[in-house]
Structure formats: C-alpha cells, structure tokens
Amino acid sequence: MSSLLSIRDLAVAFRTETGPFEALHGLSLDVLRGRTLALVGESGSGKSVTAQAILRILPPSATITNGRILFRDGTSETDIARLPAEGPAMRAIRGQRIAMIFQEPMTCLSPLHTIGDQIGEALRIHTGADRREADARTQEALARVGFPDPRRALRTYPFELSGGLRQRAMIAMALILKPALLVADEPTTALDVTTQAQILALLARLQEETGMAILLITHDLGVVANIAHDVAVLYRGRLVEAGPRDTVMRVPGHAYLQALLRAVPRFDMAPDERLTPIRPARAEIPPTQLRAPLDGPLLQVEGVTKSFTLRSGRFWQKPRVVHAVSDVSLVLKTGETLGLVGESGSGKTTVSKMIMRALQPDSGRILFDDGGGPRDVHGLSGDALFAYRRTVQFVFQDPYASLDPRMTVRQILSEPMEIHGVPAAERRERCRALMAMVGLEPGGLGRYPHAFSGGQRQRIGIARALAAKPRLLVLDEPVSALDVSVQAQILNLLKDLQAALGLSYLIVSHNLAVIDYMADTISVMCRGRIVEEAPRAALFRRPMHPYTRALLAAVPDPSLDHPLDFAAVAGDRNDPSRWEAPYRLAPDEAGTMRTIEAGHRVRYGAAQAAEAA
Amino acid sequence: MIGVVLRRLVTMALTLLAISALVFVIIKLPPGDYLTNRIMELRATGDASSVAKAELLIRQYGLDRPVWQQYLMWIGVMPGAAGFSGLLQGDWGWSFEYDKPVAEVVGDALWLTLLINLTAVVFVHLVAIPAAIYSATHRHTVGDAVVTLLGYVGLAVPGFLLALILLFYANRWFGLSIGGLYDSALTNQPWTWEKVRSLLAHLVVPTLVIGLGGTAAMIRRMRANLLDELAKPYTVTARAKGLPPLQALLKYPFRMSLNPFVADIGNLLPHLVSGSVLVSLVLSLPTVGPLLLDALRSQDQFMAAFILMFVASLTLVGMLISDLTLVWLDPRIRMGLR
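**Student:** Teacher, can you tell me more about the overall build of chain A here?
**Tutor:** A count of helices and strands for chain A gives 21 helices and 22 strands. Here the C-alpha atoms of chain A give a radius of gyration of 26 Å, agreeing with the 25 Å that 2.2 N^0.38 yields for 613 residues. Counting only C-alpha atoms and orienting by the principal axes, one finds that chain A spans roughly 80 × 65 × 55 Å. The buried share among the 613 residues of chain A stands at 46%. Counted over contacts in chain A with a minimum sequence separation of 6, partners at least 24 positions apart contribute 68%.

**Student:** Looking at this model, I keep getting lost on the overall build of chain B. Mind explaining?
**Tutor:** Summing up its helical and strand segments, chain B has 16 helices and two strands in all. C-alpha atoms of chain B, sized along the principal axes, occupy 85 × 60 × 40 Å. The long-range fraction of contacts in chain B, counting pairs at least 24 apart against all pairs at least 6 apart in sequence, stands at 65%.

**Student:** What is the right way to read the sheet that holds strand 2 (residues 21-32) of chain A from this model?
**Tutor:** Note: strands within a sheet are paired through backbone hydrogen bonds, in either parallel or antiparallel orientation. All names here are of chain A. With antiparallel pairing, the four strands of this open sheet are ordered in space as 2-1-4-5. The open sheet is flanked by strand 2 and strand 5 (76-79), the only strands paired with a single partner. Taken pair by pair, the neighbouring strands of this sheet meet at an average axis angle of 5°, ignoring direction. In this structure, strand 1 (residues 3-14) lies alongside strand 2, joined through eight bridges in antiparallel fashion. By the bridge assignment for strand 2, Ala13 is matched with Glu22.

**Student:** What should I look at first to understand the nonpolar core in this one?
**Tutor:** Nonpolar side chains in soluble globular proteins tend to end up buried together. Core analysis: the biggest nonpolar cluster contains 240 residues, and Ala172(A), Leu181(A), Val183(A), Leu215(A), Ala463(A), Leu506(A) and Ile307(B) have the highest contact counts within it. A per-element tally of this core places helix 5 (residues 102-137) of chain B first, with 13 residues. Dropping the residues within four chain positions of it, Ala463(A) is found in contact with Leu413(A), Leu434(A), Met435(A), Met437(A) and Val438(A).

**Student:** Which parts of the structure should I look at to understand the pairing of strand 4 (residues 62-73) of chain A?
**Tutor:** Residue and element names in this part refer to chain A. Bridge count for strand 1 against strand 4 is eight bridges, and the pairing is antiparallel. Following the sheet pairing, Ala13 is matched in strand 4 by Thr63. Direction of pairing for strand 4 relative to strand 5: antiparallel, over a ladder of four bridges. The residue bridging Phe71 from the neighbouring strand is Thr78, located in strand 5. Linking strand 4 to strand 5, which pair antiparallel, is a turn of two residues; within it Gly74 sits at a positive phi near 65°.

**Student:** Explain the sheet that holds strand 19 (residues 521-526) of chain A to me, please; I cannot follow it from the model alone.
**Tutor:** Residues and elements named next belong to chain A. Strands sit in the order 16-17-18-13-19-20-22-21 across an open sheet of eight strands; the sheet is mixed. Two strands lie at the open edges of the sheet, namely strand 16 (392-395) and strand 21 (592-597), each paired on one side alone. Taking each pair of neighbouring strands and ignoring which way they run, the sheet shows an average axis angle of 20°. Note that strand 19 and strand 20 (residues 529-535) share six bridges and pair antiparallel. When the bridges of strand 20 are listed, Ser523 appears paired with Glu533.

**Student:** Is there a simple way to explain the packing of helix 5 of chain B against helix 8 (residues 193-230) of chain B in this structure?
**Tutor:** When two helices pack together, their arrangement is given by the angle between their axes and by how far apart the axes lie. Residue and element names in this part refer to chain B. Relative orientation of the contacting elements helix 5 and helix 8 amounts to 35°, with a least axis distance of 6 Å. The crossing of helix 5 and helix 8 is right-handed. When its residues are assigned to classes, the contact of helix 5 with helix 8 shows 20 nonpolar, six polar and one charged.

**Student:** What is the right way to read helix 1 (residues 47-55) of chain A from this model?
**Tutor:** Because the α-helix completes a turn every 3.6 residues, residues three or four places apart line up on one side. All names here are of chain A. Counting buried positions over the nine residues of helix 1 gives nine, a clear majority of the element. Those residues of helix 1 that fall on the buried side of the exposure criterion are Lys47, Ser48, Val49, Thr50, Ala51, Gln52, Ala53, Ile54 and Leu55. Downstream of helix 1 by a residue or two, Arg56 has a phi angle that is positive, lying close to 55°.

**Student:** Looking at this model, I keep getting lost on the interface of chain B and chain A. Mind explaining?
**Tutor:** In many reports, interface size means the accessible area that the parts give up when they come together. If you look at the interface, chain B gives 22 residues, while chain A gives 25 residues. Listing elements by their share of the side of chain B that touches chain A, those giving two or more residues are helix 9 (233-240), helix 11 (253-263) and helix 16 (331-336) of chain B. No other element matches the six residues that helix 9 of chain B contributes to the side of chain B that touches chain A. In the side of chain B that touches chain A, the residues fall into 11 nonpolar, four polar and seven charged.

**Student:** So what exactly am I meant to see when it comes to unusual backbone geometry here?
**Tutor:** Only a minority of non-glycine residues have a phi that is not negative, and only a minority of peptide bonds are not trans. Residues and elements named next belong to chain A. The phi dihedral of Arg236 is positive, around 50°, even though this residue is not glycine. Looking at where Arg236 falls in the secondary structure, it is placed in the loop between strand 9 (230-235) and strand 10 (238-244). The class of Arg236 is partly exposed, set by 15 C-beta atoms lying within 10 Å. The phi dihedral of Asp327 is positive, around 50°, even though this residue is not glycine. Position of Asp327 relative to the elements: it lies in strand 12 (residues 320-332). By C-beta crowding, Asp327 is classed as partly exposed, having 16 other C-beta atoms within 10 Å.

**Student:** Is there a simple way to explain the confidence of the model for chain B in this structure?
**Tutor:** Predicted coordinates in areas of low pLDDT are best not read in detail. On average, residues of chain B score 83 in pLDDT, and 95% of them reach the 70 mark or higher. This prediction of the complex comes with two scores: 0.79 for pTM and 0.75 for ipTM.

**Student:** Which parts of the structure should I look at to understand the packing of helix 3 (residues 115-127) of chain A against helix 6 (residues 163-175) of chain A?
**Tutor:** Residue and element names in this part refer to chain A. Relative orientation of the contacting elements helix 3 and helix 6 amounts to 25°, with a least axis distance of 7 Å. Between helix 3 and helix 6, the angle falls in the class roughly parallel. Residues Ile115, Gln118, Ile119 and Ala122 of helix 3 pack against Ala169, Ala172 and Met173 of helix 6. The class makeup of the residues in the contact of helix 3 with helix 6 is six nonpolar, one polar and no charged.

**Student:** Where do I start with the pairing of strand 19 of chain A in this structure?
**Tutor:** For a regular strand, the rule is simple: side chains alternate between the two faces of the sheet. Residues and elements named next belong to chain A. Buried residues dominate strand 19, accounting for six of its six residues. The two faces of strand 19 match: Thr521, Ser523 and Met525 on one face and Ile522, Val524 and Cys526 on the other face are all buried. As paired elements, strand 13 (residues 337-341) and strand 19 share four bridges and run parallel to each other. In the strand pairing of strand 19, Leu338 is matched with Thr521. Counted along the chain from strand 19 to the antiparallel partner strand 20, the turn is two residues long, and its residue Arg527 has a positive phi close to 50°.

**Student:** Explain the environment of Leu29(A) to me, please; I cannot follow it from the model alone.
**Tutor:** All names here are of chain A. Topologically, Leu29 is positioned in strand 2. The exposure class of Leu29 is partly exposed, given the 19 C-beta atoms found within 10 Å. Between the C-alpha atoms of Leu29 and Ala201, which are 172 residues apart in sequence, the distance is 25 Å. With sequence-adjacent residues up to four places away left out, Leu29 is seen in contact with Ile7, Ala232, Leu239 and Ala242.

**Student:** Could you clarify how one ought to interpret the environment of Val205(B) in this entry?
**Tutor:** Secondary-structure assignment places Val205(B) in helix 8. Considered as a pair, Val205(B) and Phe174(B) are 31 residues apart in the sequence and their alpha carbons are 14 Å apart.

**Student:** Where do I start with the environment of Leu114(B) in this structure?
**Tutor:** If you trace the backbone, Leu114(B) turns up in helix 5. Considered as a pair, Leu114(B) and Val288(B) are 174 residues apart in the sequence and their alpha carbons are 9.5 Å apart.

About the thresholds
Residues numbered from 1 in each chain as written. Chains lettered and ligands numbered in written order. Predicted model: local features only at pLDDT ≥ 70, side-chain atom pairs only at ≥ 80, totals over all residues. Helix = DSSP H or I, 4+ residues; strand = E, 2+ residues; numbered from the N terminus. Rg over C-alpha atoms; globule rule 2.2 N^0.38 Å. Buried ≥ 20, exposed ≤ 12 C-beta atoms within 10 Å, placed from the backbone. Contact = placed C-beta atoms within 7 Å. Pairing = 2+ DSSP bridges. Axes fitted to C-alpha atoms, helices over the stretch in contact; angles between N-to-C directions. Core = buried A, V, L, I, M, F, W, Y, C linked by C-beta atoms within 7 Å. Left-handed = near helix turned anticlockwise from the far one by under 90°. Nonpolar A, V, L, I, M, F, W, Y, C, P; charged D, E, K, R; others polar. pLDDT = per-residue confidence, 0-100. Parallel < 35°, antiparallel > 145°, perpendicular 65-115°, else oblique.

In structure tokens, the structure reads:
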C-alpha cells in the first residue's frame with residue numbers, strides 16, 4: 001500500500017516568553033491510502049500540533065523549523081511544509097484535498113450562519129459553484145451523514161441541533177469535496193457514548209464509500225481499537241511506536257502504550273483491581289477515621305420531580321414545560337458510592353443540583369441523615385441549613401473554570417473554612433494537610449491556579465471540597481475534562497480518600513467505565529426517569545433495560561476482542577416509545593419499577609405490568 | 001416579527017410619555033421661569049408696557065396655573081388659551097427668549113444636528129473598523145503600535161481643543177474660516193446648490209473633531225473584540241476550509257464582533273449631541289447643542305423641554321434601530337423571539 005502522506009523529521013517550535021519551545025522533534029510517520037491512522041498520546045504530546053502542521057493552520061506563535069510533509073495526491077507530490085501557509089496552493093489543498101473536523105462541534109461552527117451556508121462554502125470557494133448548485137450538493141452531503149431532513153437542515157443554525165447532529169454537520173462540511181485525507185482531532189471526545197458510537201460508525205462507513213484516508217487524533221484507546229487500521233503513539237513530541245493496530249495493541253512493545261492501556265478503566269477489571277496511573281502520584285492519605293455508623297442511609301431522594309417553564313416569545317402562546325426530572329428516588333449509604341448515569345439532557349445534573357439545594361424540587365423529598373436522624377433538606381433553614389452546606393460539597397467537571405484565577409490556592413482552600421468559622425492558625429495547618437492529602441506540594445499554596453495542570457487543578461478542587469470536612473461529595477463528571485494519563489490518578493485518589501475519611505460519593509457521569517470503577521450501586525437515567533438501578537456487579541452482569549444495554553454496547557473497549565457492534569448502536573435508544581415490548585412506554589406514560597433480583601429494579605411499561613399482575 | 005415591532009412601538013410611546021413628564025418636572029424644579037425673571041427685571045427699569053405684554057404671555061401659556069396643568073397643556077391633552085395645542089398637535093411651544101415659536105428658532109438646527117452627527121457616526125465606523133481589523137490581524141507589529149498610539153492620542157485630546165487648534169491654523173495657513181456650517185454670506189439665503197456645497201466643505205472639520213474621540217474608543221474596543229473572536233475554533237474551521245484570510249475574517253470573527261457595536265447605536269446618537277456642545281460653541285455650528293444650553297440657563301422652558309424631547313426621541317429611535325438590526329444580524333436573538 002502506498003502512503004498518501006509522509007511526514008519526515010518534522011519539527012515545530014513555539015515562541016514563548018521563556019524562549020523557544022519545541023513541540024515536535026523530528027516526527028516521521030505515514031498515512032496510508034484508504035486507511036485510518038490513529039495518533040495516540042496524552043495532552044501535550046504534540047498530536048494536535050501535527051494535525052495543524054499538516055493543514056498549515058498552526059497558531060501564529062508556532063513555526064515549522066525542519067522536516068517535510070509530503071502529500072501524494074494522484075500523481076503529484078507536494079511538500080506542504082514548503083508552501084506559504086496562506087498562499088493559493090495551500091488554500092487549494094485545505095478543505096478540498098485535506099479536510100479537518102474538530103473536537104467541539106458547537107464552537108467550531110459559527111452560530112450566525114446556517115449550516116447550509118457553512119457546508120456549501122467549501123464548494124463555492126473551491127469549485128466556484130453558485131448558491132443553488134452548492135445547496136443541492138450540500139443537501140446530498142447532509143443526507144449522506146444521516147440528517148433526517150436534509151432539505152430543512154440547510155436553513156437551520158448550529159444551536160438548533162443536538163451535539164451529535166452538529167458533529168455530523170461538521171463531517172458533511174469536511175467531506176463535501178471528497179478529500180483524499182480527513183484529519184479528525186478528537187472528533188467524539190465531547191459527545192455522549194451512544195452518539196460517539198454512531199459517529200464512529202459513520203466515519204467507518206464514509207471511508208468505505210469514498211476510500212479516503214483518516215488521520216484520527218485521540219486519547220481514547222477504546223476508539224482506537226474500534227476504528228483504526230494503524231496506530232502511532234506520540235510521547236512528548238516524539239514517535240514512540242507505530243504499526244498496524246493488531247500488532248501494536250496486542251503486543252505493545254513500548255512501555256508507554258502499555259501504561260496507557262493500564263490507566264483507563266475497563267469493564268473486565270477484577271473487582272479489587274486498581275488502575276495504574278502512568279506517572280504515580282504520591283498522596284498522603286490520612287489514617288482511616290471511623291464514623292459512628294448510621295441506622296439508615298445517609299441520603300434518600302424520594303420521588304423528586306422538577307420541571308422548567310420555557311418562556312415563549314409570543315405572549316398569547318402557552319409557555320412550554322420541560323419535565324427535567326420525573327419521580328426520581330435514590331438511596332445512598334454511608335461510605336458508599338452511588339453512580340448516576342445518563343446521556344446529556346437525561347436530568348442527572350438537575351438531580352445533583354437539587355441535592356445541593358441549588359434548585360427546589362416541585363414535589364418529593366430529599367432526606368439527609370447527619371447522625372441525628374433523617375431530615376428534609378429543603379425544609380432546613382438557619383443554622384441547620386448552614387451545617388448542611390458544610391456537610392455536602394461539590395467537585396466540578398471543569399477544573400479550569402471552577403477555580404477563581406485571581407485567588408491563590410491558599411485563599412481557595414481557606415475560604416470554605418473561613419465561612420465555617422475555623423480559626424486562622426488551624427486553617428493554615430489544614431491547608432498544608434489538604435495539599436498533602438491530594439498529593440500536591442505545600443509549596444504550591446502561594447501560587448495561582450494557572451500555574452497548575454488540569455489534573456493538579458482537579459486535585460485543588462477536591463481539596464477545596466474536603467476543606468469543610470464534608471460527609472458527602474457530589475462529583476459531577478469529575479474526570480471527563482481530564483487527560484487519560486491523569487484520570488487514573490484522580491479516580492484512585494478519590495477511592496483512597498473515601499476509604500480513609502468515610503466519605504460518601506454521588507458520582508454523575510456519562511462514562512460507564514468510570515462509574516463501573518467507582519460506584520457500588522448504579523442508577524441509569526433517561527429522559528428524567530430512572531430506568532434501571534442495581535448493584536454494580538449485577539448491572540454489568542445482567543443489564544435488563546434496552547437503554548442500559550444500548551449505553552453499555554456503545555462504550556468502546558480498548559481490547560480488540562470486544563469490538564463495538566455498530567449495528568446495535570444505530571437508532572434512537574433514548575425514545576421510550578421505541579423500546580422493545582415489556583419496557584415500551586407510551587408518551588407521557590411513567591411505567592413502573594419492578595424488582596427482578598435483590599436490589600435490581602427495572603422500569604416496565606404499564607401495559608406489561610398489568611398483564612403480569 | 002411584525003408583532004415584535006408593534007410591541008416595541010407601543011413601549012416606545014409609553015417611554016416617551018414618561019420621559020416628557022420627567023423632563024417637564026425637572027425643568028420646573030428651579031423656582032420661577034423666564035417670564036417671571038423678565039418681569040422682575042422690567043419692573044426694575046419701569047417699562048410698564050413690556051410688563052403688561054409679559055403678563056399677557058403668562059396668562060396665554062398658563063404659566064400661572066399649577067405645574068400638572070401646564071404639563072397637560074404642553075403635551076396637548078388639556079385645552080389652553082388657544083384650545084388643544086401642544087406636542088401631540090405638532091405645536092412645539094413658544095420661545096420667550098427669542099419671542100418666536102420654538103419650531104422657528106430650532107428650525108434648520110435640528111436637521112443640521114442630525115446631519116453632523118450622522119456624518120460623524122459614519123466617519124467613526126469608516127475609520128475605526130479598517131483600523132481595528134488591521135491592528136488585530138497585525139498584532140504586536142509597528143503598524144499596530146502606531147494605530148494604538150494614534151488611538152490613545154485621539155482619546156486624550158479634548159474635542160474643543162482640537163477644534164480651536166484647527167480653527168487657528170486653518171485661518172493662518174489657508175486663510176480659511178472654518179467656523180459655522182456654511183459661508184456667513186449665505187446664512188439667510190434659501191437652499192441653493194452653492195449653499196449645499198459650502199455646507200459639505202464646512203462639514204469636514206466638525207466631523208473630524210466630533211468623531212475623533214469615538215473613533216479612538218471604537219478602535220480599542222473593536223480590536224479587543226476581534227482578538228477574542230480570532231482565537232475561537234470556528235475561525236480555525238474557516239481557515240481549514242481554505243477560505244482566504246480576509247474573507248474568512250470578515251465572514252466569521254468580524255461579524256461576531258459587531259454585536260456590541262450594534263447594541264450601542266442607541267446610546268451613540270444622544271451622546272454625540274450632548275458631547276458636541278462645546279465643539280459646536282467653538283466652531284459656532286448652528287446645532288441644537290448651544291441652543292439647549294442657552295435655553296436651560298435662561299429657563300426658556302418650552303424651548304429646553306422640546307430639545308430634550310428631541311434628544312430622547314433620538315435615543316429611542318436609535319435603540320429600536322439597534323434592536324431590529326441585532327434581530328436581523330443574529331439568528332440566536334431571532335430564534336429567542338419565537
């Protein structure tokens with residue numbers, strides 16, 4: 001097989017305040033015609049820089065200092081590294097022969113232009129097609145990527161579409177001119193697992209149809225195992241391993257890839273197996289503190305419902321009501337972890353906000369037992385509420401946005417203690433202890449958050465949550481914004497802290513593998529309702545509900561022996577009226593939860609329940 | 001869409017009504033008015049016939065009645081000496097200082113004010129937008145530094161000072177009199193081609209002087225906005241599609257960065273009117289700015305109230321224009337209306 005793109009000795013350097021920084025040192029790799037090459041590595045390894053260099057869209061502070069990028073399109077061979085970045089020759093390649101899709105389909109599309117306009121644009125600039133011809137071809141492209149109504153889609157704006165459809169629109173945009181090479185930079189990282197599986201299936205299908213080559217940049221080895229033909233592993237700007245997928249992943253020669261494989265949660269892990277972080281982190285876990293056991297559960301959510309009213313622009317129209325959460329009940333025992341799984345829009349974050357008392361439920365109760373018996377959280381006021389605020393703390397998804405950039409770490413950690421009246425001397429002492437607890441140097445207390453990496457910032461976020469000595473931590477997607485190489489560290493840290501401090505966790509995530517690694521019991525949410533709940537082992541051993549099974553089927557496994565069944569993930573798995581027989585729900589039907597084994601409950605349709613009775 | 005415009009027009013009318021009440025109350029707050037002051041003055045000099053005339057005017061315009069009645073008469077919902085005759089009927093009142101109807105005193109000044117300020121607005125945008133685009137795309141270059149420096153100078157130099165300097169040097173070097181809006185010989189002439197040409201020639205300096213501060217401020221803000229947008233992923237997408245740099249810039253980041261400026265149109269117009277009073281005085285421009293100042297000082301109530309209402313209407317019309325433009329420009333706002 002001949003190579004379409006050959007990178008030879010590529011070096012890229014950035015101008016920085018502390019002098020030049022070389023992001024790639026002498027990278028050489030080949031993308032073969034009609035095949036998918038996965039470029040794997042953690043953040044900072046130079047994956048994205050490679051992609052930007054191929055398209056010559058590097059940021060202004062970066063320059064190609066050495067090497068060649070040979071693009072063999074048809075019979076001609078072009079050295080992209082030698083072309084002027086904004087010259088006509090390079091522009092003719094960009095978008096026409098080499099196209100690119102990005103991670104964040106929302107921010108990569110302009111909200112001010114219709115997707116028809118944005119997709120047809122490449123056609124108009126490269127082929128001089130007029131608006132009508134471009135519209136016709138755009139409609140075809142939209143149909144090819146699976147838009148339900150391509151004609152109407154021409155005039156929709158990106159913000160009217162779901163994340164999955166937006167990424168499909170991006171793909172249509174990249175592929176409208178049938179490029180020889182598609183560069184996909186983390187194309188599914190921002191998507192839900194089911195949507196991710198659909199997009200991967202789409203990419204594989206389009207590759208078969210058009211014979212294009214794909215350079216897939218990803219950190220997710222599950223994705224690699226499922227759609228790559230070849231794999232190249234980057235580490236700190238150097239290629240450490242390359243070859244056909246099966247060779248590289250079955251017998252990973254390089255220690256780094258082996259480490260990467262061990263650092264991600266997998267479904268086939270032994271019950272007590274721990275993840276092995278790539279770089280071990282040292283955290284001083286305090287000695288185990290025993291708490292007086294409670295008679296009942298720590299937290300009980302009973303039949304909580306919340307709906308939002310959307311304001312309508314026309315005052316004579318009835319406002320639209322969205323049922324975000326319908327009749328949700330959860331039980332969390334002391335020292336345990338409850339996992340709440342669902343796609344975006346399933347209502348899981350709304351539930352966590354109601355537990356935090358950031359939202360008021362329309363009906364239902366949330367009971368919390370502080371040792372003095374269960375009390376309704378939403379009935380608390382004054383001192384009792386103040387105490388509750390201290391006992392329940394939150395860890396946010398985005399460690400960049402959740403720390404005030406104008407506060408030092410010491411101020412960030414001290415603030416909760418100041419609020420809850422801890423004397424100054426003790427605060428200083430505890431700040432140091434907290435830093436040690438999450439594995440950071442106490443010397444970092446005087447620095448600002450920007451001096452820390454994403455994983456370190458998440459540690460600071462955890463330390464801040466622990467500062468008030470809580471009993472319950474609500475973890476909202478605690479690792480989804482983090483690099484694989486640090487995910488394992490953070491998850492292990494959370495586990496160790498839980499064991500030592502007797503904490504209870506409510507973990508909200510769309511990543512089933514993370515939930516599997518962390519949770520004792522799992523509740524699966526879809527469209528505001530819990531459809532299945534079970535102890536961890538039971539759920540993964542015997543998933544009953546079609547939605548749970550769809551979620552499980554959609555998680556790409558890094559092992560080559562469990563390929564994704566792309567056929568199974570197609571279609572709308574979150575539409576209750578299309579679930580199979582015993583589980584099907586009519587519109588507005590609630591159905592009933594039935595116990596099928598100890599602790600394992602599944603939602604059945606009402607018709608079915610009546611029949612059984 | 002039509003429903004939205006209708007709703008806005010109704011709110012605008014109500015707002016204008018509220019403003020009219022506020023304006024009238026504020027003008028009546030200081031004790032006395034133009035006529036009572038004048039009568040006191042005339043009594044001191046013993047001019048009996050003039051006193052009688054002034055007292056007649058007081059009765060005619062109901063200045064001896066309670067303030068709320070004066071207000072209702074002024075806006076034209078209560079009959080005065082001459083029946084229903086107020087703003088609603090198109091009667092803008094009487095200027096006691098000039099002893100003429102307000103409409104006659106203000107006359108051309110209204111349209112010249114609009115003309116000068118609209119010219120200034122157009123000038124601001126024509127200069128600031130290209131300068132800001134250049135500055136943002138050539139960040140940290142000599143050109144950017146020069147634009148930035150000129151911008152700061154423009155911000156720091158007061159308009160009236162620049163007007164004085166230009167006035168002096170234009171006269172000294174070119175023997176030009178750039179004061180006024182047309183040649184003084186043509187002041188009371190009807191509008192002829194020659195007068196229009198003279199007007200255009202005289203517009204240059206006021207436009208420059210009035211627009212300078214705004215231009216400098218706009219370059220700074222536009223540059224900052226553009227730099228933010230240039231770093232956004234959709235800009236990279238546009239480049240990855242193979243769009244030429246300028247086309248990509250104008251279609252995506254530039255359009256995104258326009259919103260705050262469009263939203264600002266409503267504030268721009270009244271600001272230019274009040275901000276250009278000093279410049280108008282220095283350059284002896286026949287705009288409403290100096291008239292307003294005089295009217296407020298001499299408590300010429302109908303004159304002052306009318307000019308304030310004029311400025312308020314300008315603001316409201318400007319806001320309507322900016323809102324409608326935003327709806328047209330930004331689909332997110334358009335969809336939000338549905």
